[in-house]
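A closer look at the structure
What follows is each chain in one-letter form.
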Amino acid sequence: QVQLVESGGGLVQAGGSLRLSCAASGRTFSSYGMGWFRQAPGKEREFVAAIRSRGVITTYYIDSVKGRFTISRDNAKNTVYLQMNSLKPEDTAVYYCAANIRGSVYSTSDLYDYWGQGTQVTVSS
């Protein structure tokens, strides 16, 4: 069983930055592929970014955040990050961290095995 706890959300003006963190329990964090998803009010949950478990660093982003968001991980700290720059009002959502035991980069939520409780990000115009 893996527990994921997100932090770092908040209220920021458009153009600002936030860094989300997701701390994972357990000794096998380095073997998990990690992803970030978000869900805005009245909308379905959507993929944001993902990072492979180990080896060659492999990341994947939804087009709307490319060049603005960066996913990274620190396996020594059991933590994955989402650095969000140049934030826009349309980035407003609850952001969720997720882990998959296959260690891969997935954009489909059904392929993730564990989820955090989410952290709210609000971008004002």
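One can find the structure itself at the top, above this paragraph.
Calculation rules
Residues numbered from 1 in each chain as written. Predicted model: local features only at pLDDT ≥ 70, side-chain atom pairs only at ≥ 80, totals over all residues. Heavy atoms only, no water. Phe/Tyr/Trp six-rings, centres within 6.5 Å; stacked < 30°, edge-to-face > 60°. Buried < 20%, exposed > 50% of the residue type's maximum accessible area, 1.4 Å probe, protein only. Lys NZ or Arg CZ within 6 Å of the ring centre and 35° of its normal. Helix = DSSP H or I, 4+ residues; strand = E, 2+ residues; numbered from the N terminus. Pairing = 2+ DSSP bridges. Disulfide = S-S within 2.5 Å. Salt bridge = Lys/Arg side-chain N within 4 Å of Asp/Glu carboxyl O.

On to the packing of aromatic side chains, then. One pass over the structure, following the stated rule, counts seven aromatic pairs. When the centroid spacing of 6.3 Å and the interplanar angle of 90 degrees are considered together, the rings of Y106 and Y112 count as edge-to-face. In this pair, the class of Y106 matches that of Y112, namely buried. Taken together, the aromatic side chains of F37, F47, Y60, Y106, Y112 and W115 make up a single cluster linked through ring pairs. Lying across the ring of Y96, R45 places its NZ or CZ 4.0 Å from the centre.

Where burial is concerned, the two faces of strand β1 (residues 4–7) differ: the one with L4 and E6 is buried and the one with V5 and S7 is not. Summarising the sheet, β1 and strand β3 (residues 18–24) pair through four bridges and their orientation is antiparallel. Each residue of the ladder has a partner; that of E6, found in β3, is C22.

Now for the state of the cysteines. For the structure shown, the criterion picks out one disulfide. Paired by a disulfide, C22 and C97 hold their sulfur atoms 2.0 Å apart. The sign of the S-S torsion, about -70 degrees, decides the handedness of the disulfide formed by C22 and C97: left-handed. Residue C22 is found in strand β3, and its partner C97 is found in strand β9 (residues 93–100); the two are separated by 75 residues along the sequence.

Take the pattern of salt bridges next. Considering all chains together, one arrives at five salt bridges under this definition. Here R68 makes a salt bridge to D91, at a shortest N to O gap of 2.8 Å. On the criterion of sequence distance, the pair formed by R68 in the loop between β6 (59–61) and β7 (69–74) and D91 in the loop between β8 (79–84) and β9 is long-range, its members being 23 residues apart. The closest approach of N and O atoms between R102 and D113, which form a salt bridge, is 3.3 Å. Linking R102 in the loop between β9 and β10 (114–115) with D113 in the loop between β9 and β10, this pair joins segments that are 11 residues apart in sequence.

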